[in-house]
Amino acid sequence: MAGVELLSDQGYRLDGRKATELRKVQARMGVFAQADGSAYIEQGNTKALAVVYGPHEVRMSRSKTLHDRAVINCQYSMATFSTAERKRRPHGDRKSTEMSLHLKQTFEAAVLTNLYPRSQIDIYVKILQSDGGNYSACVNAATLAVIDAGIPMRDYVCACTAGFVDETPLADLCHAEESGGGTSLALALLPRGGHIALLQMDARLHQDHLETLMEAAMTACKGVSKVLDQVVRQHLQEVSALTGE
Amino acid sequence: MIKTEKVLHLKSSRGRKVRVVREHYLRELVPCYSSLCQAECANEGKVLSADVTHYVVPDAGVTRDFMEILEFREIQGLVFTQTACQAVQHSRGRRQYNRLRSLLKDPRHDCVLFANEFQEYSYCPREKGEPQDKWQTRCVYQAAVWYHDHLAGLKPVVMITEDQGAVAEYSSLNCGVYVLSTLEYLRTFWPELQAAHELYGSIAQALRERGNEGTEREFAEHLPAEVLEAGIKSGRYTQGTLNVNKHRAQHEAFVRFDGSSNKNSELDSDVLVWGGKNRNRAVHGDMVAVELLPKGEWRGRTTALTEGQGEEKGEESQGQPMPTGRVVGILQRNWRDYVVTFPPREETQSQGRNSLRILATPWDQRIPKIRISTHQADTLQDHRVIVRLDSWDSTSLYPNGHSVRVLGRAGELETEVQTILIENCIHIAPFSEAQLREMPASSPERPWTVDPAEVVTRRDLRDTHLVFSIDPRGCEDVDDTLSVRSLPPGPQGPRLELGVHIADVTHFVKEGTLTDLEARARATTYYLADRRYDMLPAVLSADVCSLLGGVDRYAMSVMWDLDAQTLQVNRVWYGRTLIRSSYQLYYEQAQALLNGEEAEVPELAQLPPEERDHKLSHLIEALETLTQVARHLRAQRDQGGALELEGVEVRAQLDEDKNITALVPRQPLEVHETVAECMIYANHWVARKIQERFPQQALLRHHPPPRQEFFTQLQDSARALGFTIDTRSNKALADSLDQAVDPQDPLVNRLLRVMATQAMSNALYFSTGACPVDQYYHYGLALDRYTHFTSPIRRYADVIVHRLLTAAIAVEEGARPAKASASNKELEEMAQHINNKNRAAQHAQKVSMELFQCLYFRDKDPETAECCDAVIYAIRTNGVLVFIPQYGLKGALYLRNREGQVVRVSQDGRCVWEAGSLQRSLDHVSTTTASGTSTFRLFQHVTVRVSVQTSRCHADTLHLELVSNRAHRAPEPPDRTPRAAPPQGTRGRSQLVQEVVRQAEEALLQAEEKKGRVSELSKEEREFRQSKTPNLYSLLEEVREQALLDLTACGAVGGGPDLGTAARPCATSA
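Below or above, wherever it landed, is the structure these notes cover. (Residues numbered from 1 in each chain as written. Chains lettered and ligands numbered in written order. Predicted model: local features only at pLDDT ≥ 70, side-chain atom pairs only at ≥ 80, totals over all residues. Heavy atoms only, no water.)

## Details of the overall build of chain A
Part 1: Each helix and strand counted, chain A has four helices and nine strands in total.
Part 2: Along the chain direction, N to C, the helices and strands of chain A fall in the order β-β-β-β-α-β-α-β-β-α-β-β-α.
Part 3: Put simply, chain A has 245 residues, and 51% of those count as buried. (Helix = DSSP H or I, 4+ residues; strand = E, 2+ residues; numbered from the N terminus. Buried < 20%, exposed > 50% of the residue type's maximum accessible area, 1.4 Å probe, protein only.)

## Quick word on the interface of chain A and chain B
Part 1: On the chain B side, the residues contacting the 25 residues of chain A number 29 residues.
Part 2: When chain A packs against chain B, close to 2200 Å² is buried across both sides, 42% of that on carbon and sulfur atoms.
Part 3: Its largest share of buried area at the contact with chain B, chain A owes to Gln10, Tyr12 and Glu85 of chain A, together 24% of the area lost on that side.
Part 4: Our count for the contact surface shared by chain A and chain B stands at four salt bridges.
Part 5: Where Arg101 of chain B meets Asp9 of chain A, a salt bridge forms, and the shortest distance between an N and an O atom there is 3.0 Å.
Part 6: Linking chain A with chain B are seven residue pairs in polar contact (both at pLDDT 80 or more).
Part 7: Residue composition of the side of chain A that touches chain B, by class: five nonpolar, six polar and 14 charged. (Contact = heavy atoms within 4.5 Å. Buried area = accessible area lost by both parts, 1.4 Å probe. Salt bridge = Lys/Arg side-chain N within 4 Å of Asp/Glu carboxyl O. Polar contact = N/O pair within 3.5 Å; in protein donor to acceptor, adjacent residues only side chain to side chain. Nonpolar A, V, L, I, M, F, W, Y, C, P; charged D, E, K, R; others polar.)

## Digging into the nonpolar core
Part 1: Phe468, Ile470, Trp560 and Leu699 of chain B are the most contacted members of the largest nonpolar core, which totals 91 residues.
Part 2: Excluding residues that lie within four positions of it along the chain, Leu699 of chain B makes contacts with Ile690, Tyr765, Phe766, Thr787, Ala797, Ile800, Val801, Leu804, Leu827 and Ala831 of chain B.
Part 3: Counting 58 residues, the second-largest nonpolar core is a separate cluster that includes Ala70, Leu144, Leu185 and Leu189 of chain A. (Core = buried A, V, L, I, M, F, W, Y, C linked by side-chain atoms within 4.5 Å.)

## A closer look at the pairing of strand E11 (residues 287-292) of chain B
Regular strands place side chains that alternate from one sheet face to the opposite one.
Residues and elements named next belong to chain B.
Part 1: When strand E8 (residues 237-244) meets E11, the two strands line up antiparallel, connected through five bridges. Counted as the bridge partner of Gly240 is Val288 from E11.
Part 2: Pairing between E11 and strand E14 (residues 324-332): six bridges, direction antiparallel. Its bridge partner lying in E14, Glu291 is registered against Arg326. (Pairing = 2+ DSSP bridges.)

## Concerning the packing of aromatic side chains
All names here are of chain B.
Part 1: Enumeration over the complete set of coordinates arrives at 15 aromatic pairs over all chains.
Part 2: Measuring from ring centre to ring centre gives 6.4 Å for Trp146 and Tyr147, while their planes differ by 65°; the resulting arrangement is edge-to-face. The pair Trp146 / Tyr147 is uniform in exposure class, with both members buried.
Part 3: Arranged with centres 6.0 Å apart and planes meeting at 25°, the rings of Phe508 and Tyr554 form a pair that is stacked. A residue pair is termed long-range when its members are at least 10 positions apart, and Phe508 in helix H14 (residues 505-508) and Tyr554 in strand E26 (residues 552-563) qualify at 46 residues. (Phe/Tyr/Trp six-rings, centres within 6.5 Å; stacked < 30°, edge-to-face > 60°.)

## Topic: the environment of Gly165 of chain B
Part 1: With respect to the helices and strands, the residue Gly165 of chain B is situated in helix H5 (residues 164-170).
Part 2: Along the primary structure Gly165 of chain B and Lys134 of chain B are separated by 31 residues, whereas in three dimensions their C-alpha atoms are 9.5 Å apart.

## Some thoughts on unusual backbone geometry
Part 1: A cis amide bond links Gly54 of chain A with the next residue in sequence, Pro55 of chain A, at an omega value of 0°.
Part 2: Even without being a glycine, Arg281 of chain B presents a positive backbone phi close to 70°.
Part 3: When you line up the elements, Arg281 of chain B lands in the loop between helix H9 (275-279) and E11.
Part 4: Residue classification places Arg281 of chain B among the buried residues on the basis of a relative accessible area of 5%.
Part 5: In this structure, Cys425 of chain B takes a positive phi of about 60° despite not being glycine.
Part 6: Considering the arrangement of structural elements, one finds Cys425 of chain B in the loop between helix H11 (413-423) and helix H12 (433-437).
Part 7: Since its relative accessible area comes to 30%, Cys425 of chain B is described here as partly exposed.

## Overview of the side chain of Glu497 of chain B
Residues and elements named next belong to chain B.
Part 1: Relative to the helices and strands, Glu497 resides in strand E23 (residues 493-503).
Part 2: Among the polar contacts listed, one links the side chain of Glu497 to the side chain of His465, at a separation of 2.7 Å.
Part 3: With sequence-adjacent residues up to four places away left out, Glu497 is seen in contact with Arg459, His465, Ser483, Val484, Arg485, Leu487, Met559 and Trp560.

## What to know about the pattern of salt bridges
Part 1: Per the counting criterion, the structure on display carries 45 salt bridges over all chains.
Part 2: In this structure, the salt-bridge partner of Glu291 of chain B is Arg236 of chain B, at a minimum N-O distance of 3.2 Å. Here Glu291 of chain B, found in strand E11, pairs with Arg236 of chain B, found in the loop between helix H8 (225-234) and E8; they are 55 residues apart in sequence, far enough to count as distant.
Part 3: You can call Glu291 of chain B buried: its relative accessible area is 16%.
Part 4: Of the residues examined, Arg236 of chain B reaches a relative accessible area of 52% and is grouped as exposed.
Part 5: Through salt bridges with shared partners, one network takes in Arg13, Asp15, Arg17 and Glu177 of chain A.

## Topic: the packing of helix H19 (residues 670-693) of chain B against helix H23 (residues 796-812) of chain B
All names here are of chain B.
Part 1: The N-to-C vectors of H19 and H23 enclose an angle of 60°; their axes lie 9 Å apart at closest approach. Relative to H23, the element H19 lies oblique. Of the two possible hands of crossing, H19 and H23 adopt the one that is left-handed. On H23, the residues that touch Val686, Lys689, Ile690 and Arg693 of H19 are Val801, Leu804, Leu805, Ala808, Val811 and Glu812.
Part 2: Residue composition of the contact of H19 with H23, grouped by class: seven nonpolar, no polar and three charged. (Axes fitted to C-alpha atoms, helices over the stretch in contact; angles between N-to-C directions. Parallel < 35°, antiparallel > 145°, perpendicular 65-115°, else oblique. Left-handed = near helix turned anticlockwise from the far one by under 90°.)

## Points about the sheet that holds strand E38 (residues 924-929) of chain B
Residue and element names in this part refer to chain B.
Part 1: Pairing within the open sheet is antiparallel, and its four strands lie in the order E36-E37-E38-E39. The open sheet terminates on both sides in strands that have one partner only, identified here as strand E36 (901-905) and strand E39 (932-937). Here the strands of the sheet are splayed against their neighbours by 50° on average, with no regard to which way each runs.
Part 2: Pairing between E38 and E39: six bridges, direction antiparallel. Its bridge partner lying in E39, Val925 is registered against Phe936.

Shown next, in the form of structure tokens:
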């Protein structure tokens, strides 16, 4: 670990947050008119845009068609200007492919796909600015976009990361904390039932600490879900005011 | 919370500049940690006291450069700002920052950290184009203003800065917030704190001097940290600690790897760093990154002995080429306080252009000369001074430093002893008033008594158990007692109950109290040759905690329910108890009782005869049972492969006035082993208990198996005598050592054991969470888990273990522990701290012993200096290493002097220097001259003369001179030559002791004489309440040193393999 102190003795993180505090979340739904659903989210300095098309008939090869439910197609990309050094390839590299796959798994668990047999739902997510927690920003943005598209889901899917420093779990890591070399765990949660849609962790962690880390991540996800809920309600109010109902 | 953004310009790993945007959250509620707070901040932990005249806020520059001044405990009400702390972290590295952190954590020091950059109103964003230091000063000022307003103006706040512009700009902006320069601040508020003023002067001078350095480059620049880190990861560089060879400090240094970081698997040995250029400004102890040189440039380790500062000549004396490298960067400076000696006037003036600058020579030979700029050069001639290093630029041949404190004139006893303490990083102040106030009251008139409320909570063993202690005679701090009794037979047959009762120190020393903090900082009791620094105040160590006979005392007990026949453990009970020791026995007395001899038991003297006989038989029975149990335990461990490392103690008999009447060697009595075995057993079971209960955070002690390559010397030496030593496991080693006995010469076995001990690594404390389970093993004792539990009065580790055990018992009883026990990380840090302190203590003890040896030999007339017997135990290219059993000394014996002459032994055994050559082979070295050849073999006895080589800057050393190649025969009693002595054992030892007694008498006489001569010294002696040099304690230490040579004299064997209580110093009346 380089000489950065991720958690000071007084309990402050690098950016002045305490261990359990989330970054500031701001979101908007319905940013594009052309798509069926769209949303924009900022989690701290991580900014993501999600667009949903569908459900529509399967446009990929016929063989992919599922006769009992809808196919979910996810594509994740990062803008070339999203990182401190310009990215060469916005999508299609190994990391993006993996992320696309994770998103797909997450939403297959959350969207009620069996309502739309033989059809397809496309979710396109783009990271405009990256500052840690890309996956969770994508999931949260996509959730809002799916809701905007009016596709039924079991629950909100809320995602958040959590790290572990000095025996203390940290919620919602920023880039500096993620690259600091510690453990990072990404969790996507269906908060009402407490179901886990996806759980990912690459680094090593002692088994005894996993429980506390998951606990912290789940609390953080529930926090995110409250914010998302507020955004959706606000959006609904605005829309209904516009349509004059 | 408000979100803002902060733009940083950082360097990427490839060295390019990158613009990074980071979030920065501000909040309104940031605790101020002041007891004057009106806004009810959430102040947890340490708070600033209200009874100071002002609060002082140092700015970033002051915190960075003058932290040493801020470390004075007198300066109170310190508020460090986050800005300043980060500045320290960025510009001075982790070490300095950790120092600041420990300062902030230290409850004895009145200072707090205020997170000003996270406070909504005290944060000020950096403006465009504003220089970093200006911005930092502005931030700190803003913080000072906020602090003042936050406390509603109750306390004036002083900001100190070195920036005169800031003083002018800010000083009149706000009333109540003063801006002063550091010097002005010290003058105004601390005019009487002379030490701080001096320190300030010396640091400021060093800073000024640093500005005008030459530009000529002496060394290659260090690589930047990122490059080093990348290089270490890729395996191009290797990371390790630099160890400078003490005897060839100019040229030879080795880099030793810390196990895990070594990616380069082909490197299994150390890397040699040859010469000053390759060492590239690294100082002994630094963590460095090295790059290996191409194989063609590899060199060998020098095997010749160097005489003083003698230059190397020729390449012939090299060993096998080994990996050689050069230092490319320093990851972590490990500078401490160094003691240097100021040169006399002639030398300072010859320094040339700048007479203000002085090159001072450190006491430690491994440290390069330090350049100091001072005005006091004249007054401090030949004084020893504490110095801290500041920097070492690539343009300078020597590092820069500044003086901190003057110790005294070189050569004076008090100065030398202080030097030893400082060089080992031992800082001991007397116990403070506040600490002593925490102690329970106890005086001879009104002795301390047990608290009835406490009695209820403890198991009362006063009437049910026969408890006794066995210690050296005259022992005051009794921390262990024993008991044994038979229990009603169980289903498997008759049962026994063995109990070990340890002084309950933790009852009196609560965690977090001042005494506890002091004890933690000391970590152990320090024994020097002429004095002792206790870990706990005397009222605890010699009275209230000491398990004296006939009085009620609190204890922490372990009791085993054993099967009387097989000695299988049925049940173990741990807990707090109340005991009354019935007999305070001493070893010889106990052994006499066991042997059925007549022995005086003072506790029974008053009783009528029948009762006395009854009680006596009861006691003897208990002792016998105990012995039997211990034998069994020992046998069990022997099967596991426990090593026997020789340990002998000598005991002093005292008369009523505490004068020595005789020194009696501690006969290797069985009862010693019995007590030691019980203690080891108790330690082992406690280790099991706490490890089971706290698998992640128990303090244990392990002894890692030694690296096989370290045994080469032992094996080679043994082969020379025709023995084979099997080092594959501890059992094999123990067995083969037992067999390697030369009936002709008992010293052989002893020396082989010394070598074996030398090859071993130290036993260390560790936290169970930090080590995999298979590394818990204790190699020396052959136990899978071990800890220290039985001497809480002398060792802080035992205090921790006591607390852990108490917590374990509390958890088992269902109670939630009042406070969470220390986490693994804290415990590991603590273990490291204790290990370091133990090592320092042992080293200090060894060095102080050497100091006294030198004093002893210095006072002897070199002409009449007595010759003594020595044994060769290692061969070098230009000499041999010898061991002098009589004084327990080891030293180098040169066979070739500086003129290139070699020693020739004439017919009658006399030695003369002649021109000739030297041939070295594995087990002998021979000198060839025109008139003949003489050979010196391993384990050959020779006669040497001991004299003292005085040195102005360093410690004096002993110099050995070869007198004859035959064993030394003392003139009078013929049986005093070791060869004639009966096989190793009582005779050899008693001879040794007689020698010491005689020595001591001489020393006493000399001391008398000296007192007359040097009145100055005795004045100091009075002043420092130091007992006269050859006091009982020094004697005992001397004797112990010789006797325990196997353990302590080997230097590296810090902590040694545990010998239970065997290594305990027996004198308490020093």
